[in-house]
Amino acid sequence: MRTGLNRIQFLLKKPKVIIILAFLFVLGIIFWFCLPNPLFNSPTSYVIDDANGQLLGAAIASDGQWRFPSNAEVPEKFKQCIIAFEDKRFMHHPGFDVLALARAIKHNLRSKKITSGGSTITMQVIRIATKDKRTFWNKLKELFMAMRLECRYSKNEILSLYASNAPFGSNVIGLDAASWRYFGRSPDKLSWGEMAAMAVLPNSPSLVNPGRNRAILLKKRNLLLDKLYRQGIIDATTASLAKLEPVPDRPVALPQLAPHLLERFKTDHKDNQLGDTRLRTSIKASLQKQVNEILERHHQVLKANDINNIAAVVLDVETGATLAYAGNISHPEDSTMESDVDVVNAPRSPGSTLKPLLYASMLHDGLILPNSLMPDIPTQILSFHPKNFDLVYDGAVPASKALSRSLNVPAVRMLQQFKTDRFYDFLHKIGMTTLNKPADHYGLSLILGGGENTLWELTGAYADMARVLNHYNKYKGKYDPADYHNPVYYIVPPKTPDLQKSGLLDAGSIYYTLQAMEEVMRPGEEMLWQQFSSSQRVAWKTGTSFGFRDGWAIGITPKYVVGVWVGNTDGEGRPNLTGINTAAPALFEILRLLPAARDWFDMPTGEMVKIKVCKQSGYRAGEYCDDTYDEWVPKSGLKAPVCPYHQLVHLSTDGKWQVNGNCEPPDKILNKKWFVLPPSMEYYYKTKNYEYKVLPPFRPDCAQAGSNNPMEIIYPKDGAKIYVPLEADGSRGRVIFSAAHRQTGVKIFWHLDDEYVGETKDFHQIALNPDPGKHMLTLVDGNGNTVHIGFEVLSK
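Residues numbered from 1 in each chain as written. Predicted model: local features only at pLDDT ≥ 70, side-chain atom pairs only at ≥ 80, totals over all residues. Heavy atoms only, no water.

The helix and strand inventory of the chain stands at 22 helices and 24 strands. Expressed as a percentage of the 796 residues in the chain, the buried residues total 52%. Sequence separation of 24 or more characterises 66% of the internal contacts of the chain that already satisfy a separation of 6 or more. As displayed, the chain has an accessible area near 38,400 Å², and 54% of this comes from carbon and sulfur atoms. (Helix = DSSP H or I, 4+ residues; strand = E, 2+ residues; numbered from the N terminus. Buried < 20%, exposed > 50% of the residue type's maximum accessible area, 1.4 Å probe, protein only. Contact = heavy atoms within 4.5 Å. Areas by Shrake-Rupley, 256 points an atom, 1.4 Å probe, with all protein chains shown as cover.)

Turning our eyes to something else, we now look at the sheet that holds strand β17 (residues 711-715). Strand pairing within a sheet occurs via backbone hydrogen bonds; the two strands may be parallel or antiparallel. Ordered by their spatial adjacency, three strands build an open sheet running β17-β19-β22, and the pairing between neighbours is antiparallel. Bordering the open sheet on either side are β17 and β22 (765-768), each of which pairs with just one other strand. Looking at each pair of strands side by side, their axes are set apart by 25 degrees on average, direction ignored. Sheet analysis places strand β19 (residues 735-741) next to β22, joined by four bridges and oriented antiparallel. Each residue of the ladder has a partner; that of Phe737, found in β22, is Ile766. Across the sheet, helix α22 (residues 679-688) touches β17 and β19, and the angle it forms with β17 is around 75 degrees. (Pairing = 2+ DSSP bridges. Axes fitted to C-alpha atoms, helices over the stretch in contact; angles between N-to-C directions.)

Quick look at the sheet that holds strand β2 (residues 55-59) now. Pairing is mixed in the open sheet, where three strands are placed in the order β2-β1-β5. In the strand order of this sheet, the two ends are held by β2 and β5 (278-280), each with one partner. Here the average twist between neighbouring strands, direction ignored, is 10 degrees.

We now examine the layout of surface pockets. When its volume is computed, the second largest pocket comes out at roughly 960 Å³. Taken together, 36 residues form the lining of the second largest pocket, with Ser352, Asn388, Phe389, Asn408 and Thr544 sitting closest to its centre. Elements represented by at least two residues in the lining of the second largest pocket include exactly α15 (399-404), β10 (539-544) and α21 (579-591). Per-element accounting of the lining of the second largest pocket gives the leading share, five residues, to β10. Looking at side-chain class alone, the lining of the second largest pocket contains 13 nonpolar, 18 polar and five charged residues. (1 Å grid on protein atoms, 1.4 Å probe; cavity = no way out; pocket = protein on both sides within 12 Å on 5 of 7 lines; lining within 4 Å. Points joined across faces, edges and corners; volume = space filled by probe spheres on them. Nonpolar A, V, L, I, M, F, W, Y, C, P; charged D, E, K, R; others polar.)

The complete set of buried residues in α22 reads Pro679, Ser680, Met681, Glu682, Tyr684 and Tyr685. Looking at the buried residues of α22, the elements they touch are β8 (373-376), β9 (395-398), β16 (670-675), β17 and β19.

A complete count under the given rule lists 20 aromatic pairs for this structure. Their ring planes at 55 degrees and their centres at 6.5 Å tell us that Trp456 and Tyr489 sit as a pair that is tilted. Taken together, the residues Trp456 in helix α19 (residues 455-474) and Tyr489 in the loop between α19 and α20 (507-518) connect sequence positions 33 residues apart. The class for Trp456 is buried, based on a relative accessible area of 4%. Seen in terms of ring centroids, Tyr645 and Phe675 are 6.2 Å apart; in terms of plane orientation they differ by 90 degrees. Their pairing is edge-to-face. Of the two residues, Tyr645 sits in the loop between β14 (628-634) and β15 (646-651) while Phe675 sits in strand β16, which places them 30 residues apart along the sequence. Taken together, Tyr619, Tyr645, Phe675, Tyr685 and Tyr692 form an aromatic cluster joined through their ring pairs. The residue whose ring lies beneath Lys155 is Phe90, and the NZ or CZ to ring-centre distance is 4.6 Å. (Phe/Tyr/Trp six-rings, centres within 6.5 Å; stacked < 30°, edge-to-face > 60°. Lys NZ or Arg CZ within 6 Å of the ring centre and 35° of its normal.)

As a further point, take the state of the cysteines. Counted according to the given criterion, the structure contains one disulfide. Note on cysteine connectivity: Cys663 is disulfide-linked to Cys702, with sulfurs 1.6 Å apart. Its S-S torsion of approximately 90 degrees makes the covalent link between Cys663 and Cys702 right-handed. With Cys663 in the loop between β15 and β16 and Cys702 in the loop between α22 and β17, this pair connects stretches of sequence that are 39 residues apart. Comparing Cys663 with Cys702 shows no difference in burial state: the two are buried. Cys643 forms no disulfide, and the closest cysteine sulfur to it belongs to Cys625, at a distance of 3.7 Å. (Disulfide = S-S within 2.5 Å.)

For the rest of this paragraph, the subject is the side chain of Gln380. With respect to the helices and strands, Gln380 occurs in the loop between β8 and β9. A polar atom in the side chain of Gln380 sits 3.1 Å from the side chain of Tyr715. Of the polar contacts made by the side chain of Gln380, one reaches the backbone oxygen of Lys721; its length is 2.8 Å. Excluding anything up to four places from it in sequence, Gln380 contacts His385, Tyr715, Pro716, Lys717, Ala720, Lys721 and Ile722. (Polar contact = N/O pair within 3.5 Å; in protein donor to acceptor, adjacent residues only side chain to side chain.)

Tracing the sequence through the fold places Thr277 in the loop between α12 (259-272) and β5. Only 2.5 Å separates the side chain of Thr277 from the side chain of Thr44, close enough to count as a polar contact.

Moving on to the nonpolar core. Counting residues in each nonpolar core, the largest one holds 97 residues, and the members touching the most others are Leu357, Phe423, Leu427, Tyr462, Ile556 and Leu677. Setting aside residues no more than four positions away along its own chain, Leu427 makes contact with Leu354, Leu357, Met432, Leu435 and Leu446. If you look at the next biggest cluster of nonpolar residues, it comprises 54 residues, including Phe90, Ala199, Leu201 and Val247. (Core = buried A, V, L, I, M, F, W, Y, C linked by side-chain atoms within 4.5 Å.)

Bringing empty space enclosed by the protein into the picture now. Evaluation of the coordinates by the stated rule reveals two cavities of 30 Å³ or more. Taken as a whole, the largest cavity holds about 80 Å³ of empty space. Around the largest cavity, the lining residues are Lys355, Leu358, Tyr359, Ala399, Ala402, Leu403, Leu407, Ala411 and Met414. Sorting the residues of the lining of the largest cavity by element identifies α14 (355-364), α15 and α16 (408-418) as the ones contributing at least two each. Residue composition of the lining of the largest cavity, by class: eight nonpolar, no polar and one charged. Empty space within the second largest cavity amounts to approximately 50 Å³. Each residue belonging to the lining of the second largest cavity can be placed in one class, and the counts come to five nonpolar, four polar and one charged.

The next point concerns unusual backbone geometry. Look at the link from Tyr715 to Pro716: it is a cis peptide, with omega at 0 degrees. By secondary structure assignment, the location of Pro716 is in the loop between β17 and β18 (720-723). We note that Lys419 has phi near 90 degrees; this positive angle belongs to a residue other than glycine. With respect to the element layout, Lys419 can be found in the loop between α16 and α17 (420-429). The residue Lys476 is not glycine, and still its phi comes out positive at about 55 degrees.

Turning to the packing of α14 against α17, a few remarks are in order. Closest axis-to-axis distance for the α14/α17 pair is 11 Å, and the angle between their directions is 110 degrees. One element, α14, and the other, α17, form an angle in the roughly perpendicular class. Contact residues: α14 offers Leu357, Leu358 and Ser361, while α17 offers Phe423, Phe426 and Leu427. Here the residues of the contact of α14 with α17 are counted per class, giving five nonpolar, one polar and no charged. (Parallel < 35°, antiparallel > 145°, perpendicular 65-115°, else oblique.)

Everything listed here is a matter of geometry and, on its own, says nothing about what the molecule does.
Structure, rendered in structure tokens:
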């Protein structure tokens with residue numbers, strides 16, 4: 001032992017030994033760090049696959065090459081073919097093959113030129129990575145680096161590097177890209193004949209190029225098939241059949257099932273710089289293709305009205321994952337269609353599609369019950385004068401019916417009560433990012449499409465509501481804040497819920513909102529859907545933006561949410577471009593593709609209480625409501641207002657007159673509960689509701705209480721700012737002033753700034769032309785009742 005140590009110490013003192021050891025040490029360092037890091041740094045194509053790995057689309061890499069990101073799995077057929085063709089001892093050598101090198105040297109010496117390189121697959125990986133030219137010294141370098149590569153990677157990993165980066169002719173790099181470019185299929189679906197053709201291409205991609213030199217490619221392919229047969233990898237029948245297969249002629253177009261999603265992925269990837277450029281999405285390829293076909297059919301009809309664009313998205317409620325993403329039609333050959341614009345993610349005016357969110361918010365806050373009466377009368381708030389789409393008023397309408405009929409005036413009045421800033425904050429909390437101006441900028445027009453939203457976020461918001469309702473019983477009456485999130489187009493692993501006692505919206509409010517949305521009249525043949533037990537139950541909402549620029553339709557079931565947008569990407573409005581006429585038919589056609597849900601949303605009774613509700617007003621029953629019913633309502637309904645319209649009135653014994661203690665003895669006064677609407681609401685309500693009974697007038701000898709003025713000015717309202725319209729010839733026109741009176745046959749005398757301007761009877765409207773500035777309008781009826789309002793006429 002001691003002698004051995006002494007000998008080592010003696011050798012270490014010799015300069016030659018020290019030099020040799022130093023050389024070996026340096027050589028070891030060079031060997032260890034000789035590989036580039038990363039080994040391949042070329043840009044790759046952006047590629048998206050569906051949930052099952054089927055190619056949806058790809059974009060060429062920034063260097064002009066079709067180069068898909070590396071795939072760790074190499075098909076067994078390619079592995080057998082490439083080893084048989086390029087490197088039969090691949091699985092056993094350390095990176096270089098001594099026998100192959102000797103044979104190559106022998107051939108090259110005989111021919112007096114380089115005809116064979118003797119490179120192994122590992123050495124070819126090095127040459128592709130370093131891009132070195134074929135020289136003797138570079139061959140030694142490849143050999144050296146190949147051994148290091150074998151130390152670092154397994155044989156399968158080296159094959160994967162080769163398959164992902166070998167040239168396959170033209171501008172195609174890698175087996176995956178080549179398989180799609182030459183055969184229109186993924187590598188795992190290629191036959192033996194097709195895979196053999198793929199295996200021989202990298203050997204000489206410039207010479208053996210699909211579309212040219214096909215005879216050479218065919219010959220090489222068949223020789224490889226013979227070799228596979230001789231090695232027992234394939235049988236004689238397989239080899240013979242494979243030889244009958246044609247070799248690729250020219251590159252084929254790649255699938256483009258979701259071009260707008262591909263562009264979105266490119267943008268998101270560049271912004272976030274996460275992961276490689278290939279993504280397995282949550283899209284279902286078959287559904288995506290069917291949705292594309294539906295949109296194209298509707299596009300062919302709509303373009304006759306110069307409506308060029310249509311988009312749709314289908315979401316899974318449970319996960320928020322996107323099952324179909326059609327950002328637009330796909331007509332790249334026609335630039336006038338602007339089909340490259342992804343409308344799914346483009347801010348557009350949402351029309352009436354936010355109304356259900358307001359309805360749910362007001363139920364959640366206890367401001368209304370599901371069927372509380374909302375005023376539906378001509379309304380002016382400062383210079384804002386909302387109107388219903390059909391320009392008709394009901395006087396008063398249940399909130400649920402106002403939602404299902406998408407009435408604008410009740411919605412504006414509801415937002416006025418709820419407050420714009422509160423609703424604005426709520427929209428931000430559920431993920432609306434496109435409202436980037438202060439709440440005051442939008443004002444009450446926000447509920448009618450005065451802001452901008454995207455189909456992506458809007459559809460996601462309704463998926464959130466359905467998800468919360470589905471999870472209510474699953475989470476035993478608790479809420480997970482994470483249920484509110486924007487949709488995703490890739491698969492996200494589930495997270496453990498962080499359950500809380502309350503949520504942004506309670507399940508009861510969501511349930512009644514979806515119930516109201518289910519009552520919306522369906523288009524075309526769908527109008528009689530309730531008569532067919534097989535029909536799918538759908539809660540849905542349409543929207544139409546101002547100027548007929550955008551048509552929307554969103555449908556919700558317990559499992560899916562579908563959103564459709566129709567319009568022109570340049571914002572041009574078109575006649576009849578409404579949600580019900582353009583987007584809804586496509587919506588229901590897409591819904592018919594989806595599996596019909598067996599069950600509807602369960603009523604979340606744990607989040608509800610049963611209370612007495614006034615049948616006529618829909619409010620909590622008060623002491624004067626004599627026609628009531630029991631109804632399950634959200635718990636917040638316990639603090640909802642009591643019916644404001646029922647009152648105790650004092651009548652004469654014959655019931656024809658109102659009286660009081662000043663003109664009638666108490667024992668002759670008949671006390672009766674009466675449903676009384678304000679005059680302006682009553683004026684319209686009684687024409688639509690025959691059962692409504694007008695309150696009798698006061699007997700002439702009885703003084704009328706001031707709180708029961710039978711007269712009300714409908715337009716303009718007190719403090720309003722109005723415009724006087726111009727006629728076709730440019731002259732100032734007239735403004736129609738209107739009022740309502742509870743008693744028929746009574747005259748109203750109109751005064752403008754204390755100057756008498758006319759009288760009306762029964763139909764109380766008068767045309768006036770006031771000058772710009774502030775004015776006072778006074779109305780006096782035949783019984784001496786008086787009402788005053790102030791308004792301002794704007795000069796421009």
